[in-house]
Amino acid sequence: MRHIDDEILAGRWVNGSRLPPERELATSLGVSRGAVREAIRALEAQGILSSGTGRGNGTRVDARPSDAMGRILRLQLALDVVSFADLTETRVALEKAACAAAAKVRAPEPLARASDILAQMHDAMQPDSFNSLDTAFHVALAEAGDNRLMSNLTVAIRKAVHLPILKAEHSLIGWDTWREGLVNDHKEMLAAIENGDSERAAEVTEAHIRNAYETLLIGKD
């Protein structure tokens, strides 16, 4: 693992680089092939490497940070290492900054995608489909600020809270009214960003997240 880290940090292996075969790595490092496989599996779980079968595939550097961070946060939430309240406060700080940045940058493609997702949300009447669109909308807004780390962290936290939110939505009384309110919140968020109003974008985003948390009562006694 240290060898792979060193190769990446030195810039010799970049995203898409193919690693030498297991046998070659094991021989050059003086370790067993089992040790090489363990290292590769560990780095796959961290979202750094990916392995494919068949000729021309093998193991490659394939960094997917949001997948790895989302998995870690999801497990930490399940194990009570972090609370839903902690993740909510982190979401507030992160998405306020992300939406404020989006209002300044207004990257066209993510905003067009957010607008299309919002239109789909009007017709999504079931919690499952609506929740997936909800996540995609927030990610698109984060990407509109052209800050990859912000968008990756947004994706990670959304993945971590996806199941608790979905479960709470399924048991919510007055789902239709709740859904309509979320759509209206999203309209306001997108309008503020498209108008370049970073202060308003941050304000509406915070109110939206806090209202959802208070309504769904996730993690509260």
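Since the model is a prediction, treat every value here as computed from it, not as a measurement.

A. Focus on the overall build of the protein. When helices and strands are counted, the protein shows 10 helices and two strands. Scanning the protein from its N terminus toward the C terminus, one meets helices and strands in the order α-α-α-β-β-α-α-α-α-α-α-α. Structurally, the protein occupies a C-alpha span of about 65 × 40 × 30 Å along its principal axes. Per-residue burial for the protein yields a buried fraction of 41% across its 221 residues. Nonlocal contacts in the protein, meaning residues at least 24 apart in sequence, comprise 66% of its contacts between residues at least 6 apart. Summing over all exposed atoms, the protein offers an accessible surface of approximately 12000 Å²; the carbon and sulfur share of this is 52%.

B. Spotlight on a nonpolar patch on the surface. Together, Leu75, Leu79 and Val81 give the surface a local cluster of nonpolar side chains, amounting to about 310 Å² of exposed area. The residue valine 81 is located in the loop between helix 4 (65-78) and helix 5 (84-105) in this model. The exposed category is assigned to valine 81, whose relative accessible area is 54%.

C. Highlighting the packing of helix 5 against helix 7 (residues 127-143). Closest axis-to-axis distance for the helix 5/helix 7 pair is 7 Å, and the angle between their directions is 55 degrees. With respect to helix 7, the element helix 5 is oriented oblique. Across the interface between the two elements, Arg91, Glu95, Ala98, Cys99 and Ala102 from helix 5 touch His138, Leu141 and Ala142 from helix 7. Of the residues that constitute the contact of helix 5 with helix 7, the class distribution is five nonpolar, one polar and two charged.

D. Highlighting the pattern of salt bridges. Under the counting rule described, the total for this entry stands at 13 salt bridges. The residue arginine 37 makes a salt bridge to glutamate 22 at a minimum N-O spacing of 3.1 Å. Of this pair, arginine 37 sits in helix 3 (residues 33-45) while glutamate 22 sits in helix 2 (residues 22-29), placing them 15 residues apart in sequence. Owing to a relative accessible area of 33%, arginine 37 belongs among the partly exposed residues under this scheme. Among the charged side chains, a network of salt bridges with common partners joins Glu89, Lys96, Glu206 and Arg210.

E. Summary view of the packing of aromatic side chains. Here the structure, examined in full by the defined rule, presents two aromatic pairs. Note on phenylalanine 84 and tyrosine 213: the rings are 5.8 Å apart at their centroids and 15 degrees apart in plane angle, and the pair reads as stacked. Of this pair, phenylalanine 84 sits in helix 5 while tyrosine 213 sits in helix 10 (residues 198-216), placing them 129 residues apart in sequence. Accessibility classification places phenylalanine 84 together with tyrosine 213 in one group, the buried group. With a centroid separation of 5.5 Å and 90 degrees between ring planes, the pair formed by phenylalanine 130 and tryptophan 175 is classed as edge-to-face. Of this pair, phenylalanine 130 sits in helix 7 while tryptophan 175 sits in helix 9 (residues 175-194); the two residues are 45 residues apart in sequence, bridging distant segments of the chain. For the pair phenylalanine 130 and tryptophan 175, one class covers both residues: buried.

F. Quick look at the nonpolar core. In terms of nonpolar packing, the biggest core is built from 45 residues, with Met121, Phe137, Leu141 and Ile193 touching the most fellow members. At the level of elements, helix 4, helix 5, helix 6 (108-123), helix 7, helix 8 (148-170), helix 9 and helix 10 are the ones that each hand at least two residues to this core. The leading source of residues in this core is helix 9, at eight residues. Those residues in contact with methionine 121 that lie beyond four places of it in its chain are Phe130, Leu133, Asp134, Phe137, Arg179, Val183 and His186. Formed by 10 residues, the second largest nonpolar core is a distinct cluster that contains Ile4, Trp13, Leu25 and Ala26.

The rules behind each value
- Residues numbered from 1 in each chain as written.
- Predicted model: local features only at pLDDT ≥ 70, side-chain atom pairs only at ≥ 80, totals over all residues.
- Heavy atoms only, no water.
- Helix = DSSP H or I, 4+ residues; strand = E, 2+ residues; numbered from the N terminus.
- Buried < 20%, exposed > 50% of the residue type's maximum accessible area, 1.4 Å probe, protein only.
- Contact = heavy atoms within 4.5 Å.
- Areas by Shrake-Rupley, 256 points an atom, 1.4 Å probe, with all protein chains shown as cover.
- Patch = residues over 30% accessible without salt bridge, like charges linked within 9 Å, V, L, I, M, F, W, Y side chains within 5 Å.
- Salt bridge = Lys/Arg side-chain N within 4 Å of Asp/Glu carboxyl O.
- Axes fitted to C-alpha atoms, helices over the stretch in contact; angles between N-to-C directions.
- Parallel < 35°, antiparallel > 145°, perpendicular 65-115°, else oblique.
- Nonpolar A, V, L, I, M, F, W, Y, C, P; charged D, E, K, R; others polar.
- Phe/Tyr/Trp six-rings, centres within 6.5 Å; stacked < 30°, edge-to-face > 60°.
- Core = buried A, V, L, I, M, F, W, Y, C linked by side-chain atoms within 4.5 Å.

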